[in-house]
Amino acid sequence: MTQIATLDEAASLVSDGARVGIGGVLLERKPLAAIGAVARHGYRDLVVSTFLASLDAELLVATGCVETMRTGYVGFEHRGGAPVFRAAEQDGSISVEAHSELTYTRGLRAAASGLPFLPLRGAVGSQLVADLDLREVEDPYGSGPVLVAPASPLDVALIHTHEADRHGVVAAPALQTFLWDSDAALAAAAATVVVTAERIVDRVEGPALLTGIDVDIVVEAPGGAAPLGLPGEYGADEDWLATYLAHDDPVQYLNDWISAGMTQ
Amino acid sequence: MRVADWMVWRLSCQAVPGDVIVVGVATPLALCAAFVARATVPGVRVMVGGAVDPEPHDIAETLYDPASLPARSHGVLGQEALLSHLQRGTFTLQFVSPAQIDASGQINTVRVTTPGGSRWLAGPLAIPDITAAVGRLAAYRAEHSQRVLVPQVDHVTGSGQQPAGWRQDYRLAGHGVQTIVTSQAEMAWNDGQYEVTSLAPGTSLADVRAGCGFALSDAVEAASPPDSFGELLESIDPSRVRDLEAGGGH
C-alpha cells in the first residue's frame, strides 16, 4: 500500500551499498530533491543506475555516496562535461559500468519480469561485451547466436513527476519529450519505488505512467527537479548551470549547496 | 561554401528513397542534413529523439526548446517502442558524431587514452546498439585530423567491419559506419577500406591523407549541390546553428 512520506523518511529507505535507480533523462525529470535527501544521510558504496545522467550523478559522486555508477552518459549536453564525475572516474574513486541503451534497459526489463536475462540485438562486437561480461546463447529456435544481458534489479528507484495521488498513481508526463516513459522500466525493476511529485492530488485524472501497485512512497516536493527541468512545469535554470560548470571547485560547490538546503 | 553547409550537403546525400533517418535533438548538423534529405529524397522519414517525422522547420526551435518538438511531430515514441523499432531494423540511416573513428569503422564515444591515463568523454549512449541494428551509419566530425581519424580507437564503443561477414553470423540489420564526413572530405567504406569519394572546396587529396591516421584509397567525384540547396538550408537553419558543430569556417 502506498504511503505519503517526507523526503527524509523516503531517503531513510536507502542503505549503505544499496542499488539505487535514478529516473529522468539528461536535464529533465531528475529527482534532485530526493537525491539531496539521500546525500544528506551520508550513505556510502551506493550502486547507482542512471542511464542519461547529469546533475544527479554529480551530486551523488560529490558527496561520496557512490561506489559504482551504471550509466550510458554523464554530462550537460552542449553546455559541457560533468566535472565531478569525470574526475572521479579518472582517479578511480568510483567504478563505472558503461552501458548501452539496450544492455541497460534489458537488464531492468529482465529484473522487472523475474527473468535471469533478456536477449538483445545491440552491443554485439563492442567492448561492452567484455567490460560487462555479457554472454551469448544459442537461439533454441535456430536463428543463431544472440547476446543476453543479465537482470539488474534495484533496491530503490527515485522518480520525479508533476502529479501523483495518495494511492500511488503517477500521471504520465504532461509533455511526451525524449524517452518520456523510461521511468516506468526503472520502477518495475525496483523493490521499493519512491516518487516525488510537484503536487499530490486526490485523484490523478488521465493516463498514468505508474499505478498504486508499482509505487511504495509518494512525497510532495514542489520544485523537486530544480535546477534541472520538468517539461510542462519549468525549464532548467541555465544561470545556475553556467555558474556551476564555471566553478573551480565543483565538489565543494555542490556540498555547500546541499548543506544550504539546495536553495537557488 | 562554408564548412557546415558542405557537411550538411554530403550527409544529406547519404539518404536513399524510403530511408528512416534517426538523429538526436542536440546535433544541429545532423538535424539539418536529415531535414534536407526529408525535403529532397522521396519517401524519407525522420526520427528526432523519438519524435516521429516532424515537418522540416527552423532547427533553433528544436535545439533550444525540445519540448516544442512533439507538437510538430506525428507522436513521440517511448523508450520501449523506440528500442523495439531499433532491434527489428526499422531505422535505416543514422548520423553519429564520435570522438574517434578507425580504419575498420569502429567508433569511440566513451574514453580516450591520455599521457596520464584516460579521459571520460560522454558515454556509450546507444552507439553499441545502433552500430549493430541501424542499417547504415554516417559518422561526422568537422575536425579532420589524426586525433579523430585513428588507426585503432581507444575504446570500441561501436563495432566495425572486421572480420568480414561477422554481422551476418548475428543476423544484424546494421552494416556499421558506411560513410565518414569531415570538414575536408567524404570517405566511403568500399572493399575493406575507406576511400575518398568527395573533397570539400579548397581541399586536396594530399591534405585529406595527411590528416588521416589510416590508409585511404580514392575515387573522387566532383559534384556540387543543386541551386535549391542554399535556399532550403536557409529555411531550415536561418540563424546558422549548424556552425556550432562545424565552426564558421569557409
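Everything quoted here is computed from the prediction, not taken from an experiment. (Residues numbered from 1 in each chain as written. Chains lettered and ligands numbered in written order. Predicted model: local features only at pLDDT ≥ 70, side-chain atom pairs only at ≥ 80, totals over all residues. Heavy atoms only, no water.)

(A) Representation of the overall build of chain B. The number of helices and strands found in chain B is 10 helices and 14 strands. Taking 18 Å as the expected radius of gyration for a compact globule of 250 residues, we find that chain B reaches 17 Å, a close match to that expectation. Counting only C-alpha atoms, chain B reaches 45 × 40 × 40 Å along its principal axes. Expressed as a percentage of its 250 residues, the buried residues of chain B come to 58%. By sequence separation, contacts in chain B at least 24 residues apart represent 66% of the contacts at least 6 residues apart. (Helix = DSSP H or I, 4+ residues; strand = E, 2+ residues; numbered from the N terminus. Rg over C-alpha atoms; globule rule 2.2 N^0.38 Å. Buried < 20%, exposed > 50% of the residue type's maximum accessible area, 1.4 Å probe, protein only. Contact = heavy atoms within 4.5 Å.)

(B) Up close: the packing of helix α8 (residues 238–246) of chain A against helix α9 (residues 250–259) of chain A. Residue and element names in this part refer to chain A. It is the contact of α8 with α9, at a shortest axis distance of 8 Å, that shows an interaxial angle of 135 degrees. Classified by the angle between their axes, α8 and α9 sit oblique to one another. Counted together, W240, T243 and Y244 of α8 and P250, Y253, L254 and W257 of α9 form the full contact between these two elements. Residue composition of the contact of α8 with α9, grouped by class: 6 nonpolar, 1 polar and no charged. (Axes fitted to C-alpha atoms, helices over the stretch in contact; angles between N-to-C directions. Parallel < 35°, antiparallel > 145°, perpendicular 65-115°, else oblique. Nonpolar A, V, L, I, M, F, W, Y, C, P; charged D, E, K, R; others polar.)

(C) Looking closely at the sheet that holds strand β9 (residues 135–138) of chain A. All names here are of chain A. The antiparallel open sheet is built from 3 strands, whose spatial order is β8-β10-β9. Lying at the two open borders of the sheet, with one neighbouring strand each, are β8 (117–120) and β9. Taking each pair of neighbouring strands and ignoring which way they run, the sheet shows an average axis angle of 45 degrees. Pairing of β9 with strand β10 (residues 145–150) involves 4 bridges; the strand directions are antiparallel. Pairing of V137 across the sheet is with V146, part of β10. Contacts between helix α5 (residues 101–112) and the sheet are confined to β8 and β10, with β8 contributing the most and set at about 145 degrees to the helix. (Pairing = 2+ DSSP bridges.)

(D) Main features of the packing of helix α2 (residues 28–40) of chain B against helix α9 (residues 228–236) of chain B. Residue and element names in this part refer to chain B. The geometry of α2 relative to α9 is characterised by a closest axis approach of 10 Å and an angle of 125 degrees between their N-to-C directions. Our classification of the angle between α2 and α9 gives oblique. Seen along the crossing, α2 lies across α9 with a hand that is right-handed. Mapping the contact onto sequence places C32, F35, V36, A39 and T40 in α2 and F229, L232, L233 and I236 in α9. Class assignment for the residues of the contact of α2 with α9 results in 8 nonpolar, 1 polar and no charged. (Left-handed = near helix turned anticlockwise from the far one by under 90°.)

(E) Up close: the pattern of salt bridges. Residues and elements named next belong to chain B. On inspection of all chains with the given rule, the structure shows 24 salt bridges over all chains. Two residues, D243 and R240, come together in a salt bridge whose shortest N-O distance is 2.8 Å. A relative accessible area of 14% means that D243 is categorised as buried. One continuous salt-bridge network, built from bridges that share partners, spans R2, D5, D237, R240, R242 and D243. (Salt bridge = Lys/Arg side-chain N within 4 Å of Asp/Glu carboxyl O.)

(F) Fine view of the packing of aromatic side chains. Applying the stated rule across the entire model yields 10 aromatic pairs over all chains. These aromatic residues form a ring-pair network of at least three members: F76, W240, Y244, Y253 and W257 of chain A. Just above the ring of W9 of chain B sits the side chain of R10 of chain B; from NZ or CZ to the centre is 4.5 Å. (Phe/Tyr/Trp six-rings, centres within 6.5 Å; stacked < 30°, edge-to-face > 60°. Lys NZ or Arg CZ within 6 Å of the ring centre and 35° of its normal.)

(G) Representation of the interface of chain B and chain A in the model. Facing the 38 residues of chain B at the interface are 42 residues of chain A. Taking both partners together, chain B and chain A bury about 3600 Å²; carbon and sulfur atoms supply 55% of that area. Of all residues in chain B, Q79, W120 and Y170 of chain B bury the most surface against chain A, accounting for 21% of the area lost on that side. Run the count over chain B and chain A and you get 3 salt bridges. Here E80 of chain B ties to R109 of chain A by a salt bridge, and the two come within 3.1 Å at their closest N and O atoms. Linking chain B to chain A there are 23 residue pairs in polar contact (both at pLDDT 80 or more). Every element with two or more residues in the side of chain B that touches chain A is listed here: α5 (79–87), β7 (111–114), β8 (117–120), α6 (127–133) and α7 (166–169) of chain B. (Buried area = accessible area lost by both parts, 1.4 Å probe. Polar contact = N/O pair within 3.5 Å; in protein donor to acceptor, adjacent residues only side chain to side chain.)

(H) The side chain of S159 of chain B, seen in detail. Mapped onto the elements, S159 of chain B comes out in the loop between β10 (149–150) and α7. Contact partners of S159 of chain B, with chain neighbours within four places excluded, come to V124, G125 and S126 of chain A together with G105, Q106, T131, W166 and R167 of chain B.

(I) The arrangement of the pairing of strand β11 (residues 154–165) of chain A in detail. Residue and element names in this part refer to chain A. Most of β11 sits inside the fold, with 11 of its 12 residues counted as buried. Here 3 bridges tie strand β2 (residues 19–22) to β11, and the two strands are oriented parallel to one another. Paired with G21 across the two strands is A157, which belongs to β11.

(J) Structural view of the environment of Q90 of chain A. Structurally, the position occupied by Q90 of chain A is in helix α4 (residues 83–91). Among all residues touching Q90 of chain A, those that are not within four sequence positions of it are T114, S118 and R119 of chain B. Of note is the side chain of Q90 of chain A, whose polar atom sits 3.2 Å from the backbone oxygen of S118 of chain B.

(K) Up close: the nonpolar core. L46, L55, L59, L158 and L254 of chain A are the most contacted members of the largest nonpolar core, which totals 123 residues. Aside from chain neighbours lying at most four places away, what touches L46 of chain A is V14, S15, G17, A18, V20, V38, C65, V66, E67 and T68 of chain A. (Core = buried A, V, L, I, M, F, W, Y, C linked by side-chain atoms within 4.5 Å.)

(L) α5 of chain A, seen in detail. All names here are of chain A. Taking 1.5 Å per residue, 12 residues should reach 16 Å; α5 reaches 16 Å between its end C-alpha atoms and fits that length. Counted residue by residue, α5 has 10 buried out of 12 residues, so it is predominantly covered. Every buried residue of α5 is accounted for by E101, L102, T103, Y104, T105, R106, G107, L108, A110 and A111. Two residues or fewer past α5, G114 is found with a positive phi of approximately 70 degrees. (Expected span 1.5 Å × (residues − 1).)

(M) Region of interest: the domain arrangement of chain A. Residues and elements named next belong to chain A. In terms of domain boundaries, chain A breaks down into domain 1 (3–100 + 152–257) and domain 2 (120–150). Placing the centre of domain 1 and that of domain 2 at their C-alpha centroids yields a distance of 30 Å. Opposite the 5 residues of domain 1 that make contact, domain 2 presents 4 residues. In total, about 310 Å² of surface goes out of reach between domain 1 and domain 2, with carbon and sulfur atoms giving 62% of it. (Domains from an automatic or database assignment.)

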